[in-house]
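Summary of structural features
Listed below, chain by chain, are the residues.
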Amino acid sequence: MPVITDVQRTIAALRTDVCALHAELTRYGLVVWTAGNVSARVPGHDLMVIKPSGVSYDDLTPDNMVVCDLHGRVVDGQHAPSSDTEAQAYVYRELPHVGGVVHTHSTYATAWAARGEPVPCVLTMCADEFGGEIPVGPFAIIGDDSIGRGIVETLRDSRSPAVLMRNHGVFTVGATARAAVKAAVMCEDVARTVHIARQLGTPLPIDQAHVDSLHERYQNVYGQR
Ligand SMILES: [Zn+2]
């Protein structure tokens, strides 16, 4: 009988998780066609599990997720990995606390990215999840590590788990892939609501002290303990 090692067991579980989390991107209307992706770090190993490139959301299975090293090279998988693999690998290399990365072109958030404008922190849920405005990262061309560098440079000094890459779309990070998906869902919701608020007048800012206390409470006290 073949011996199944702990890392194989971990990867099998992450293939299932990462595959299932893609259903949240379609459920919340964050992606069209094959755009967007979720990845997860393999804890304790320089590996990640990510969506295959160009495969329809309906055809994603745990088996066709791709395992790559943290330089984007395929270690296990039948398909080419997502074209965002290099960017996400760079994030895992530079930010050791990150366990999951998500990328979408969700409409409202990407409309802010198209203008290069951060989403201001004018909703308590924005203070809760993002700890302030949702920042904008630099314009970067796909194909080398410039997207990864832009994500890391922007998020390193921010409490936000989301960055709006200019003229492109949203990248979010989290301790787990699930947390990164949640940040992507919240990012779109906040971007949409603030966009609508803008149509009707000027959204009111929240005092920095309140932003800080909301964020602190949400991150440390809120929810099931
Ligand atoms: Zn993209």
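Residues numbered from 1 in each chain as written. Predicted model: local features only at pLDDT ≥ 70, side-chain atom pairs only at ≥ 80, totals over all residues. Heavy atoms only, no water.

Note on metal geometry: ideal angles are 109.5 degrees for four donors arranged tetrahedrally and 90 or 180 degrees for six donors arranged octahedrally. Note on the zinc ion: its protein donors are His 103 (NE2), His 105 (NE2) and His 168 (NE2). The metal-donor distances range over 2.0 to 2.1 Å. Counting residues between consecutive donors of the zinc ion along the chain gives the motif H-x1-H-x62-H. With relative accessibility at 37%, the residue His 105 sits in the partly exposed group. (Donors = N, O, S within 2.8 Å, 3.2 Å for Na, K, Ca; no water. Buried < 20%, exposed > 50% of the residue type's maximum accessible area, 1.4 Å probe, protein only.)

Before going further, it helps to examine the packing of aromatic side chains. Summed over all chains, the structure comprises 0 aromatic pairs. A cation over an aromatic ring shows up here: Lys 51 above the ring of Tyr 57, its NZ or CZ 5.2 Å from the ring centre. Sitting above the plane of the Trp 112 ring, Arg 115 keeps its charged end 4.6 Å from the centroid. (Phe/Tyr/Trp six-rings, centres within 6.5 Å; stacked < 30°, edge-to-face > 60°. Lys NZ or Arg CZ within 6 Å of the ring centre and 35° of its normal.)

A word on the layout of surface pockets. In this structure, the largest pocket encloses a volume near 330 Å³. Lining the largest pocket are 15 residues, and of these Glu 129, Pro 161, Gly 174, Ala 179 and Gln 219 sit closest to its centre. Counting only elements with at least two residues in the lining of the largest pocket, the list comes to strand S8 (169-174), helix H6 (177-200) and helix H7 (208-220). Looking at the lining of the largest pocket residue by residue, the class counts come to 8 nonpolar, 4 polar and 3 charged. (1 Å grid on protein atoms, 1.4 Å probe; cavity = no way out; pocket = protein on both sides within 12 Å on 5 of 7 lines; lining within 4 Å. Points joined across faces, edges and corners; volume = space filled by probe spheres on them. Helix = DSSP H or I, 4+ residues; strand = E, 2+ residues; numbered from the N terminus. Nonpolar A, V, L, I, M, F, W, Y, C, P; charged D, E, K, R; others polar.)

Here we come to the packing of helix H1 (residues 6-27) against H6. Axis separation between H1 and H6 bottoms out at 10 Å; the angle between their running directions is 5°. Classified by the interaxial angle, the pair formed by H1 and H6 is roughly parallel. Along its contact with H1, which presents Leu 21, Glu 24 and Leu 25, the element H6 presents Ala 177, Arg 178 and Val 181. Partitioning the contact of H1 with H6 into residue classes produces 4 nonpolar, no polar and 2 charged. (Axes fitted to C-alpha atoms, helices over the stretch in contact; angles between N-to-C directions. Parallel < 35°, antiparallel > 145°, perpendicular 65-115°, else oblique. Contact = heavy atoms within 4.5 Å.)

This part takes up the environment of Thr 16. Along the chain, the position of Thr 16 falls in helix H1. Residue Thr 16 is classed as partly exposed on the basis of its relative accessible area, which comes to 42%. Taking the C-alpha atoms as reference, Thr 16 lies 18 Å from Gly 174; in sequence the two are 158 residues apart. Separated by 3.2 Å, the side chain of Thr 16 and the backbone oxygen of Ala 12 make a polar contact. (Polar contact = N/O pair within 3.5 Å; in protein donor to acceptor, adjacent residues only side chain to side chain.)

Time to look at the sheet that holds strand S2 (residues 47-50). Hydrogen bonds between backbone groups are what pair the strands of a sheet, and the pairing can be parallel or antiparallel. Spatial strand order, S4-S3-S2-S1-S5-S8-S7-S6: 8 strands in an open sheet with mixed pairing. Taken across any chain shown, the strands that pair with only one partner, and hence form the sheet edges, are strand S4 (74-76) and strand S6 (136-137). Pairing geometry for strand S1 (residues 37-42) and strand S5 (residues 100-104), over 4 bridges, is antiparallel. Counted as the bridge partner of Ala 40 is Gly 100 from S5. (Pairing = 2+ DSSP bridges.)

Taking every second residue as pointing to the same face, both faces of strand S7 (residues 162-165) are buried, with Ala 162 and Leu 164 on one and Val 163 and Met 165 on the other. Handedness of the crossover joining S6 and S7 through helix H5 (residues 146-156) is recorded here as right-handed. Between S7 and S8, which follow one another and run antiparallel, lie 3 residues, and Asn 167 among them has a positive phi close to 60°. (Right-handed = clockwise from strand over helix to strand, strands pointing away.)

This part is about the environment of Gly 131. Within the element layout of this structure, Gly 131 appears in the loop between helix H4 (124-130) and S6. Here Gly 131 falls in the buried class, since its relative accessible area comes to 9%. The spatial distance from the C-alpha of Gly 131 to the C-alpha of Cys 121 is 8.1 Å, given a sequence separation of 10 residues. Not counting residues within four places of it along the chain, the set of residues in contact with Gly 131 comprises Cys 126, Arg 159, Val 211 and His 215.

A contiguous nonpolar patch, built from Phe 139, Ile 141 and Ile 142 and spanning about 310 Å² of accessible area, is present on the exposed surface. Turning to its location among the elements, Phe 139 is positioned in the loop between S6 and H5. With relative accessibility at 46%, the residue Phe 139 sits in the partly exposed group. (Patch = residues over 30% accessible without salt bridge, like charges linked within 9 Å, V, L, I, M, F, W, Y side chains within 5 Å. Areas by Shrake-Rupley, 256 points an atom, 1.4 Å probe, with all protein chains shown as cover. Salt bridge = Lys/Arg side-chain N within 4 Å of Asp/Glu carboxyl O.)

Turning to the nonpolar core, a few remarks are in order. Core analysis: the largest hydrophobic core is formed by 24 residues, its most contacted members being Leu 25, Val 38, Val 49, Val 102 and Val 181. Broken down by element, this core gets its largest block of residues, 6 residues, from H1. When residues no more than four places from it in sequence are discounted, the contact partners of Leu 25 are Leu 30, Val 31, Asn 37, Val 38, Tyr 57, Val 102, Thr 104 and Val 181. In terms of nonpolar packing, the next biggest core, distinct from the first, is built from 22 residues, Ala 87, Tyr 90, Leu 95 and Ile 151 among them. (Core = buried A, V, L, I, M, F, W, Y, C linked by side-chain atoms within 4.5 Å.)

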